Amino acid sequence: MNRVIAISILTFRAAWRSRAVHSALALVCAAVFAFALTARGDGTLPGLAKLIIEYSFKAAFWILAMFALWAGCGAVSEDIRRRHIQLLAVKPLRCSELWLGRWLGISTIIAIAIAICGILVGVLATVAGNTYACPKSETDVLNDHVLTARWRILPDEHIPHHEVAQCLSSLKADGTISERALPEDAWLYALQKVKWSRATVLKGVSKEWTFAIPKSVRPRAPNDGAWLKIRLRSPTRDREPTSMEWTFTSLNGKPLHTLSVSLPPDGVHYVKIPTSVIKGGDTILVRLSQVDNSQNEPLMFDPYAPLEILVSRSGFGGNLARALLIVGCQLSLVAAVGVTAGTAFSMPVAVFVTVCGFLVSSGAVFFTSEKVVNYAKVHDPEKVSAYARSASWVLHKLSRLLDPLIRLDPVQLLVDGIHIPWSATIVTCVVILTTYTALCFVAGVYLLKKKEVALPE
Amino acid sequence: MLLCRQFFALTHLTIMESLRQPLSFLLSAAAIVVTGLAPLLLMHSLGEDGKLIRDTALAIHFMAGLLLSTHLAAACLAEERRRGTIAAVLSKPVPPAVFFLAKFSGIAAVLICFSFCATIAGLISERAAEHFSTEYGFVTDWRAGLLLTATPAAAAIAAAIVNYMLKKPFPSTAFGFLLIFITLAALVCSLFDRTGQWSPFGFRFDWRLLPAGILLAAAIVMLAAVAIALSARLDGPATLAFCFALLVAGLAADYIISATPYHAISLVMQCVLPDWQTFWQADRLNRGGHIPLSHVWGALLYAICYVSAVLTVGSLAFENTEAS
Amino acid sequence: MGESLDKPVTARGLVKIFTDFWNRPKVRAVDGLDLEMRPCEIFGLLGPNGSGKSTTIKILLGLLRPTAGEVAIFGLPPTDVRAKRLVGYLPEESYLYPYLTPRETLDMMGRIFNLPSAERKRRTDQLLEMVGLTAAAHRPVGEFSKGMARRVGLAQALINNPSLVILDEPTSGLDPIACRHVKDLTVTLAKSGKTVLLSSHLLADVEDVCDRVTILFNGRVRARGSMGELLEKRNIVRFAAPDPGTEGVAKIAALVREISGKEPEVDHPSMDLEEFFLEVISEASRQDETLSGAAPTCTPAPFLLNE
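In this text the structure is predicted, and so the values were computed from the model without any measurement.

A. Looking closely at the sheet that holds strand β1 (residues 9-19) of chain C. All names here are of chain C. Across the sheet, which stays open at both edges, the three strands sit in the order β2-β1-β4 with antiparallel pairing between neighbours. Both edges of this open sheet fall to β2 (25-37) and β4 (68-73), since each of them pairs with a single strand only. Going from strand to strand, the sheet's axes swing by 25° on average, the running direction of each strand aside. Where β1 and β4 come together, five bridges link them in antiparallel fashion. Within the sheet, the bridge partner assigned to Thr10 lies in β4 and is Ala72.

B. Spatial organisation of the nonpolar core. Core analysis: the largest hydrophobic core is formed by 166 residues, its most contacted members being A:Ile53, A:Phe57, A:Leu88, C:Leu127 and C:Leu158. For this core, the leading source of residues is helix α3 (residues 45-81) of chain A, giving 19 residues. Among all residues touching A:Ile53, those that are not within four sequence positions of it are A:Val121, A:Ala125, A:Val146, A:Leu147, A:Phe316, A:Leu414 and A:Val415. Residues B:Val162, B:Ala174, B:Met222 and B:Ala249 belong to the second largest nonpolar core, which totals 91 residues.

C. Inspection of the interface of chain A and chain C at higher detail. Counting residues at the interface gives 33 residues for chain A, matched by 27 residues for chain C. Taking both sides of the interface into account, the surface hidden between chain A and chain C amounts to around 3,100 Å²; carbon and sulfur atoms contribute 62%. Among the residues of chain A in contact with chain C, A:Leu87, A:Val90 and A:Lys91 are the three that bury the most area, contributing 21% of the side total. The tally of links from chain A across to chain C stands at three salt bridges. Across the salt bridge formed by A:Arg17 and C:Glu104, the nearest N and O atoms sit 2.6 Å from each other. At the boundary of chain A with chain C, the tally comes to 14 residue pairs in polar contact (both at pLDDT 80 or more). Taken together, the elements giving at least two residues each to the side of chain A that touches chain C come down to α1 (2-16), α4 (85-89) and α13 (422-450) of chain A. Looking at the side of chain A that touches chain C, its residues break down into 16 nonpolar, four polar and 13 charged.

Rules used in this analysis
Residues numbered from 1 in each chain as written. Chains lettered and ligands numbered in written order. Predicted model: local features only at pLDDT ≥ 70, side-chain atom pairs only at ≥ 80, totals over all residues. Heavy atoms only, no water. Pairing = 2+ DSSP bridges. Helix = DSSP H or I, 4+ residues; strand = E, 2+ residues; numbered from the N terminus. Axes fitted to C-alpha atoms, helices over the stretch in contact; angles between N-to-C directions. Core = buried A, V, L, I, M, F, W, Y, C linked by side-chain atoms within 4.5 Å. Buried < 20%, exposed > 50% of the residue type's maximum accessible area, 1.4 Å probe, protein only. Contact = heavy atoms within 4.5 Å. Buried area = accessible area lost by both parts, 1.4 Å probe. Salt bridge = Lys/Arg side-chain N within 4 Å of Asp/Glu carboxyl O. Polar contact = N/O pair within 3.5 Å; in protein donor to acceptor, adjacent residues only side chain to side chain. Nonpolar A, V, L, I, M, F, W, Y, C, P; charged D, E, K, R; others polar.

Put into structure tokens, the structure is as follows:
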């Protein structure tokens, strides 16, 4: 362990004294301040705070990702090129210790930079909340929905396999989907169709959602905040507000709460509900009855997240710390990939290979995500070449690579004021460290062992 | 005369040095592959029309050019400063300004070759997406797309054979083959239509992309001038960071200049910040317009003035740099 | 394989061929080298540039893998961590981290050898004193001249009090005084029980300190043996005596001529340049005590002598 520490101290010192780290840190701080000073938001204080948090964080993330990439790729490759490795490799140092030391050193710098960035963002968002003169309603929204951490309870939206299969076969029967379409594409398209049809509530029809409240959800006090978040999508613009009646009942039919609201049929709406409705371990049914019959158009919910129940849990600080921890782990993974690539290639090539790796994997996720239209929707699938079908197949396989990494988006959760549980934080960090990073470690050590580090140029 | 000879000798050396950087070939090849894949991935996935392809091809051209220019500037000047090889050249009767300008010329020549590849790739990619319409469904000229994406692989294979047989360096040979093969790919595309039928000289290229490519090449050369001027004093990562910041600031030049409260400062900003909007003409193409020749000449004149100013400052900075 | 302290270096049939990307042979750097070193000796590896000295050393250190043949350091493979614990290496150029100061460099190397903090500090202080860099201990190595960096390189090679010291061109970049000190140090190290492998193309360095030498050319051994065996001219005898005057010289010459039947060569012995230079500098330093660069002491670090 002492040797690993020695190498990490060496890496830390070398990086800390280089201009690149100073530039990266200065850029991170400048990006955070620049967004804080120039962000205009949607004209409201919560909007401004959200923007500051989201864009500052994202800018800092990308700058630090570039730094992690540069430092990671150069950690071993530059040692080999400048021959420093000849001093280290003759010492009683295992390849694993060298790799780990290098990675830990870079990760330490990343951790410091992330901490600085987190403190800045936290302070700026809080200062913005206290400085701007605005109506109390805006300050309340800021405190209730942005600078907070809330439990998010999603409805049970499980779509049975047979329902998708049925939809798929009817789409195939009417010729929308060809028999030649790639099975994954066809399935995604059918799934999308089912989701959209479920999200549409026709005039005069009621709809019910089931919420299983996790045991861990325990509102702290009766006057604590709890909200029903409703996401609506209107196919036509400028529709008049629709009156709705929302009924909360327990699983055995006992009425818990009823509220009547009139909401525009588009956008995101928060409706406050009493915390007495929320009991950890219970299952509640939320039923929508459209009262307003004057509207001819159906009511359309967001097919991906129609409803959420939000319950106040804790402050912004703890959530920020957990988000930072996950972001730190993600960046240290970038460094790990870089260190491994740097053992095989020279620094510029290692940077290129790493960037390509990330681009291809994240591109694959993007192109195969269910939000995009896919090949299955072709009217004349015979015109789709085997080349294009093969590309789609490869993308599907590649997208699975990054799936565990992107399942939790800490910055988005932070911006939305959603509580990031410690359990999820630890699981994500452990997955990153024990699978992706560990794989990089194994590959890096193998390559380092195989490499002759003193070959003439 | 001696100065000219020295200048050309050093330019030739810089070109060879730049082409032997593996990244020159890798970045060019990657730009071509991604541009070639764009119609196949984007159009089928997002259902957009050719606009997306044009934007993507030009954006890849610009970004890869930015990376290549900063990398070459760092590799050819900052690295030479670090290794001390610069002292060996400057100890000869070579004026530092000639050395500095020759370095820039060499890098600019390589970047123009890169821009040629990226522009041709954009043309073929646009052609691959040309026949998109809802009537036909998501149909692309996959033969053109495949030909384009296969070009870097063919160049790499040819260079590997030459390397094996004649022991010529792989990266520079591959780059040379890339130039040849992409030109051939464009010619082959001009002989066949989308269905693979013989159609001699029916290019079906969107030639409007050509001036757009030339403008981007000028923008990349401007960035290279900034990068080489910075490399006289800074290391690679710092140069890249600065160039990237300049790129972003240049894109928001209008906003920054209008937001500057003092006239004098805004005037300085106008001179210092490059106006990338002059060189980024994708929007004009997407609206169905052409890039007038007068605009191209005006932009090139602007680029020449900007490059001259930057190189003068860079050359002065380089003269005052201690070589060892 | 276990440790065997009586065999510091053993190499049999060592071959190293550098290949190109296609694995075709490019250069045959070492060609069938056999090498065996004895404990506590100073072994010289001599040869012109490109003769394979540094490649041989890098193979012995596990930095390069031999194409053929066997290598053992204290009976262990050179890549074995146990073998590396016993070795100190000064590369042909001091590939030091430019951002670190000499003190940080030595401390880091000490950490790698798992030395306790107090011991690291003691050794660092002693080594800095030995190489004359105590005053420059807090300046980054990147600011150093080649000679000063070389001294840091030497100090780091000795931080673990190694049993086998491998010095590749140890005097390159050093001034004559430092060269002398390095040579004296090499002898002292051998006397204190360490084995030294010294590679150089400076013949005087090797001649001054080595017990045995191997001369390499084009990757092959061209000569080997002890200094005495290789350099002694057994058919010639040299006398050194106070000047007996012209007459005395003539008498002795006549006597030698009578006995051997050949004309003897008679001249005055001269001081070599190194000796003369050291004398001048020693006199100068007595007069002017302020020094801007490194000022090495002649005494090796006490811990190297197991004190």
